[in-house]
Amino acid sequence: MSNLISDNRPDLRTEWLGLTLKSPLVVAASPISRDPDMAAAFEAAGAGAIVMHSLFEEQLVEEQMAVYRLIDSHTDMNAEATSFAPAAPGLSFDGDDYLRELTQLRQRLDIPVVASLNGTTPGGWVLYAQRIADAGASALELNLYDVATLAIESGAEVEARQIELVASVVASVSIPVNVKLTPFYASVPAFVHRLEQVGVRGVTVFNRFYEPTIDLDRLEVRRSLTSSTEAELPLRLHALAVLSTTSELSLACSGGVHGGEDAARAVLCGAHVVQLASSLMAKGPEHLHRVHTDLRAWLARKGYATSAEARSLLNLDRVPDPSAWTRMNYIRTLEGWRDGPPGRKPR
Ligand SMILES: Cc1cc2nc3c(=O)[nH]c(=O)nc-3n(C[C@H](O)[C@H](O)[C@H](O)COP(=O)(O)O)c2cc1C
């Protein structure tokens, strides 16, 4: 797949998290990063950066507990046992595997490699961010995939805990930190503003929420991993259109970007990059090349010399009718039922 991108116009370069990317199309956190050959194929197809699959708080905490258990078991056997307890750095952890993957990707790729941590509570596991930075990640994406199940922890408390976590990650690394959010905040702009205040450089909107389903025969709760569809994009577009007016942060769109026109919509709403997972996993590097070509073709058709020229043109501040992004849109959409609901001819 040599030199798939032959013509460099329109210029797709973009600034994201202080990094200059050759393209706004980013490989989202996914198993793609586990295979350096595959990652290299996506780079050749035009990816501007790659986000690694996540390392989870639960994995890191479990590893730390395993070390303590090992040390404790020796200590119990012999009063002087701590002298022969193995040193923690000598043990092989999932975390070490992750750093090895990161190193391999860095050696193989020219594009920035963004590592990913996934957690919800402050704690010792956060120190791992420093090791990721030392291993050469260009940036760190922190995925706040929180599932609130306690009636005694209020929304404000959940947010305070998350901000404390993010602040501790930002404080422990010198590389840019990007936060991947769920849409489930009373005010996404207000939460993003707080993230900005603790030093975050960008946000990704949004995580996909993987809801389990119910097996009616077995009476079981069943996990299901389905690919996204373009239907997931509008929720992201709305967030981008608002956040690009309320914050100075780098904005990444994740969820439902399947083609070049989806990417164009995200850029028009304010995205600096779009992250793709489902469509790339289903269709491979050739698909990324197609998305690239289609995005370029759209920019050229509209007369833009760069993707930056198109960015934010339809956000809340710049769209000709801002009510399209506010509560008025809801009211007018429902009123529009009279003019032509789905499946009925307009009167
Ligand atoms: C198989 C698979 C594994 C994923 N693993 C991660 C992960 O480790 N960390 C993460 O933040 N997101 C992960 N994601 C979510 C994607 O990064 C992305 O946010 C989501 O799939 C929405 O983008 P899409 O519509 O292009 O699929 C994963 C998605 C898939 C399909």
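Right above here is the structure, for reference.
These lines cover the structure that appears in this document, whether it is placed above or below. (Residues numbered from 1 in each chain as written. Predicted model: local features only at pLDDT ≥ 70, side-chain atom pairs only at ≥ 80, totals over all residues. Heavy atoms only, no water.)

**With respect to the layout of surface pockets**
Using the following cut-off: Residues are called lining when one of their atoms sits within 4 Å of a cavity or pocket point, these points coming from a 1 Å grid over the protein atoms alone, where a cavity is a set in which a 1.4 Å probe fits but cannot get out and a pocket is an open set with protein on both sides within 12 Å along at least five of seven lines. Grid points are joined across faces, edges and corners, and a volume is the space filled by probe spheres set on the points. Secondary structure is summarised from DSSP: a helix means a run of H or I of at least four residues, a strand means a run of E of at least two, and numbering begins at the N terminus for each.
Here the largest pocket defines a volume of roughly 920 Å³. Forming the walls of the largest pocket are 36 residues, and the residues nearest its centre are A29, S30, K180, Y210 and L225. Mapped by element, the contributors of at least two residues to the lining of the largest pocket are β4 (49-56), α2 (57-77), β12 (273-276) and α9 (278-283). A per-element tally of the lining of the largest pocket places α9 first, with four residues.

**So, the packing of aromatic side chains**
To keep it simple, the criterion reads: Between the rings of Phe, Tyr and Trp (Trp by its six-membered ring), a pair exists once the centres lie within 6.5 Å; its type follows the angle of the planes, with under 30 degrees stacked, over 60 edge-to-face, and the other angles tilted. Using a 1.4 Å probe on the protein chains alone, a residue whose accessible area is under 20% of its type maximum counts as buried, one over 50% counts as exposed, and one in between counts as partly exposed.
Evaluated as defined, the whole model comprises four aromatic pairs. Between the aromatic rings of Y185 and F191, the centroid separation amounts to 4.2 Å while the plane-to-plane angle is 15°, which identifies the pairing as stacked. Accessibility classification places Y185 together with F191 in one group, the buried group.

**A short note on unusual backbone geometry**
With glycine set apart, most residues show a phi of negative sign, and most peptide bonds adopt trans. Residue V205 is joined to F206 through a cis peptide bond whose omega torsion reads -5°. Structurally, F206 can be placed in the loop between β8 (202-205) and β9 (213-215). Unlike most non-glycine residues, L219 shows phi in positive territory, near 50°. Structurally, L219 can be placed in the loop between β9 and β10 (220-222). Positive phi, normally seen in glycine, also occurs at S312, with a value near 70°. Relative to the helices and strands, S312 is located in the loop between α11 (307-310) and α12 (327-335).

**Re the site of the ligand**
Which entries qualify depends on this criterion: Note on terminology: near, applied to a residue and a molecule or strand, indicates that one of the residue's heavy atoms is within 4 Å of it. We call two N or O atoms a polar contact when they sit within 3.5 Å, provided that within protein one can donate a hydrogen and the other can accept it, with sequence-adjacent residues counted only if both atoms are side-chain atoms. Accessibility throughout is a Shrake-Rupley quantity obtained with a 1.4 Å probe, and a residue counts as covered only by protein chains that appear here. A pocket or cavity is taken to hold a molecule when more than half of that molecule's atoms are within 2 Å of the pocket's grid points. In this classification, Asp, Glu, Lys and Arg are treated as charged, Ala, Val, Leu, Ile, Met, Phe, Trp, Tyr, Cys and Pro as nonpolar, and every other residue, Gly included, as polar.
In the neighbourhood of the ligand, 19 residues make up the surrounding shell, with A29, S54, N143, S228 and S278 lying closest. Here an oxygen atom of the ligand and a side-chain polar atom of N143 are 2.7 Å apart. Taking G256, its main chain carries an N or O atom lying 2.8 Å from an oxygen atom of the ligand. Starting from 600 Å² of accessible surface for the ligand in isolation, the protein chains cover 89%. Assessed atom by atom at 2 Å from the grid points, the ligand resides in the largest pocket. Of all the secondary-structure elements, those providing two or more residues to the shell around the ligand are β4 and α9. Here the shell around the ligand is built from residues that sort into eight nonpolar, nine polar and two charged.

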